[in-house]
Amino acid sequence: MIDFLVTLYFMDGKGPYVWSSLIFLFIVLGINIFLPFRRMRLIRTESGKGD
Amino acid sequence: MGSPPLFYQWASAFLPWLGVLAIITFTVGLFWGLGFAPTDYKQGDVYRIIFIHVPSAILGQSIYLMMAVFGFISMVWRAKIAGMLLIAAAPIGAGFTLIALVTGSIWGKPTWGTWWVWDARLTSTLILFFLYMTIIALHSSIENKTKADRTISILAVLGITIVPIIKKSVDWWQTLHQPSTFSLTSAPSMTPDMYQPLLLCVLGFYLIFIFMLTNGLRAEIISRERDKNWVKKQFLNEEIG
Amino acid sequence: MAFRKSATYLTPLIFFLVVITFFPLALGPQQSLLSALAPGVIWISALLASLLAVEGIFSEDQRDGTLDQYFLSNEPAFLLVFAKVLCHWLVCGAPILLASIFGSMILYLPDGVLIPLLFSLFMGTFFMSLLGALGAALSLGKSAILSAVIVLPFSIPTLLMGTAIMASAINGQDYSGYLSIMGAMLAIGIPGLCILTVEAILLSYE
């Protein structure tokens, strides 16, 4: 099990490349998912104040 | 059928299911590819970037095609929802194209020794990214959003017609300038063991896209209709999220 | 009418010349380097200059109401747009063409390339003016750069074609094939782009 995780982490010595790609993927997807939620939340708070 | 409140209700009802399905498929696909698919004999483990890179590239291109279809529908049938779908899809498509470019670059460094090379496919993907950016920029610069939608529709339809031409001309430009004996090893020839997780990843990415599109559409609808009564009654009384 | 404001035709010209000058300034005055870069640099500078030149083409007409007249007259609107772009090109684009001769000297353009350069630029700058007009119509009244940037990707085939013409001229090959392709682009582009520009203007009335 540990061996498996170790191989996974290092990826034949190229670990940083693979994992940075994955992290970048999550960053971009995360932004695209949270942006609409944020927009709606802002509209909510704006309208709330307006009343 | 074309009423925003209805679409909003639909979208909100679908969203959780979509999200769960997307996350499951996406995670399983990535786990499988990154962790369990066989190691490539030529490139070693670094080829696993392919499970992020290829689905992103596929999505980046298909989304632009979808945007052109939305644009066409918006122009011909004056369907407001098509216009909203178009602009909601744009940042998602741009994001995937950016991921494809960046992960491709990251993949290139250990395998070809360079962060970038002006081959036909990379160049075309870069240009596609620019096309996305111009659509987003133009839309945000026009205040009247209905007008913005229609303008963007023209741009999207124009864009899709120019894409094959650009691809052809970049291909031809490539052959003209005879790059040095740089034979880019394309993706490793894949066994079914590699193909399957890749397909699952592509499916997972598509589902995530639909999730993001639906969510983005909700935000777009609310944003445009915010002064209408149905928004005041329905949306503002909802629980956050 | 465009002569009234000399800024209209001087500005793109100055832009063109300054950009060309930037290259030796940034890269060093070495003849061999500049000579190799010259065709591409002249083309890019001309492309950018002619795109930017057209950016305000409709704003004055929009302001004083002439734009409405396009659609009220008996002539089809796209012909009027074409006429407008043509006049604009004669005033702004043609000087760029002449200035490119000067540019070719200061950048040490290889011998024998000047004529193909002029031919390709002639068609290229006109195509850019058409594209720029479409961009201006799409972003009527908005930022200038935006109108140019929107249509930049569409200029890529023209750029590739134009520089290919010059590359083959340098190699001594026959470039007439490329010229005819560019001519075809222009032939399709003139009606196509003018019609699209009309659509875009109509859009701004909604």
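Read on for a plain summary of the structure. (Residues numbered from 1 in each chain as written. Chains lettered and ligands numbered in written order. Predicted model: local features only at pLDDT ≥ 70, side-chain atom pairs only at ≥ 80, totals over all residues.)

## Some remarks on the overall build of chain A
The secondary structure content of chain A amounts to two helices and zero strands. Among the 51 residues that make up chain A, the fraction classed as buried is 20%. (Helix = DSSP H or I, 4+ residues; strand = E, 2+ residues; numbered from the N terminus. Buried ≥ 20, exposed ≤ 12 C-beta atoms within 10 Å, placed from the backbone.)

## Focus: the overall build of chain C
Per the secondary structure count, chain C includes nine helices and zero strands. From first element to last, N terminus to C terminus, chain C shows the α and β order α-α-α-α-α-α-α-α-α. For chain C, whose C-alpha radius of gyration is 17 Å, the value lies close to the compact-globule estimate of 17 Å for 206 residues. Along the longest, intermediate and shortest principal axes, the C-alpha atoms of chain C span 55 × 35 × 25 Å. A buried classification covers 44% of the 206 residues belonging to chain C. (Rg over C-alpha atoms; globule rule 2.2 N^0.38 Å.)

## Some thoughts on the packing of helix H2 (residues 50-77) of chain B against helix H3 (residues 80-112) of chain B
Residue and element names in this part refer to chain B. Where H2 contacts H3, the two axes come as close as 7 Å, and the packing angle between them is 155°. By the criterion of interaxial angle, the relationship of H2 to H3 is roughly antiparallel. The two elements H2 and H3 meet at a crossing, and its hand is left-handed. Residue composition of the contact of H2 with H3, by class: 19 nonpolar, ten polar and no charged. (Axes fitted to C-alpha atoms, helices over the stretch in contact; angles between N-to-C directions. Parallel < 35°, antiparallel > 145°, perpendicular 65-115°, else oblique. Left-handed = near helix turned anticlockwise from the far one by under 90°. Nonpolar A, V, L, I, M, F, W, Y, C, P; charged D, E, K, R; others polar.)

## Digging into helix H7 (residues 144-151) of chain C
Since the α-helix packs 3.6 residues into each turn, any two residues three or four apart lie on the same face. Looking only at H7(C), the buried set comprises Ser147(C), Ala148(C), Ile150(C) and Val151(C). Along the axis of H7(C), the buried residues cluster in a sector spanning 160°; they form a single face. Along its buried surface, H7(C) packs onto helix H4 (120-141) and helix H5 (145-176) of chain B together with helix H2 (31-53) and helix H6 (114-138) of chain C. (Arc of directions from axis to C-beta. Contact = placed C-beta atoms within 7 Å.)

## Considerations on the interface of chain B and chain C
On the side of chain C, 17 residues touch chain B, which itself brings 18 residues to the contact. Looking at the side of chain B that touches chain C, the elements with two or more residues in it are H4 and H5 of chain B. Ranked by residue count, the leading element in the side of chain B that touches chain C is H5(B), at eleven residues. Residues that form the side of chain B that touches chain C fall into these classes: twelve nonpolar, four polar and two charged.

## Quick word on the interface of chain B and chain A
Taken together, the contact pairs 30 residues of chain B with 23 residues of chain A. Listing elements by their share of the side of chain B that touches chain A, those giving two or more residues are H3 and helix H6 (192-225) of chain B. The dominant element in the side of chain B that touches chain A, judged by the number of residues it contributes, is H3(B), at eleven residues. Tallied by class, the residues present in the side of chain B that touches chain A amount to 17 nonpolar, eight polar and five charged.

## Focus: the environment of Ile14(C)
Residues and elements named next belong to chain C. Along the polypeptide, Ile14 turns up in helix H1 (residues 6-27). Residue Ile14 is classed as partly exposed on the basis of its C-beta count, with 13 C-beta atoms lying within 10 Å. As a C-alpha pair, Ile14 and Ala99 span 85 residues in sequence and 9.5 Å in three-dimensional space.

## A few points about the nonpolar core
Counting 139 residues, the largest nonpolar core has Leu85(B), Leu86(B) and Leu134(C) as its most contacted members. Apart from residues lying up to four places away in sequence, Leu86(B) is in contact with Met67(B), Phe70(B), Gly71(B), Ser74(B), Asp149(B), Ile152(B), Ser153(B) and Ala156(B). (Core = buried A, V, L, I, M, F, W, Y, C linked by C-beta atoms within 7 Å.)

## Description of the packing of H6(C) against helix H8 (residues 156-170) of chain C
Residue and element names in this part refer to chain C. One can describe the packing of H6 onto H8 by two numbers: an axis separation of 9 Å at closest approach and a directional angle of 175°. Classified by the angle their axes make, H6 and H8 are roughly antiparallel. Here H6 contributes Pro116, Leu117, Ser120, Gly124 and Phe127 to the contact with H8, which in turn contributes Thr158, Gly162, Ile165, Met166 and Ala169. Residue composition of the contact of H6 with H8, by class: six nonpolar, four polar and no charged.

## Digging into unusual backbone geometry
Of note in this structure, Arg78(B) is not a glycine but carries a positive phi near 50°. With respect to the helices and strands, the residue Arg78(B) is situated in the loop between H2 and H3. Its identity as a non-glycine residue notwithstanding, Tyr108(C) has a phi of 60°, on the positive side. Here Tyr108(C) shows up in the loop between helix H5 (77-106) and H6. Tyr108(C) sits in the partly exposed class, given 18 other C-beta atoms within 10 Å.

## A closer look at the environment of Leu203(C)
Position of Leu203(C) relative to the elements: it lies in helix H9 (residues 176-203). Exposure remark for Leu203(C): the 19 C-beta atoms within 10 Å place this residue in the partly exposed category. Residues Leu203(C) and Val91(C) lie 112 residues apart in sequence; the distance between their C-alpha atoms is 28 Å. Discounting chain neighbours no more than four positions away, the residues touching Leu203(C) are Lys147(B), Arg150(B) and Thr151(B).

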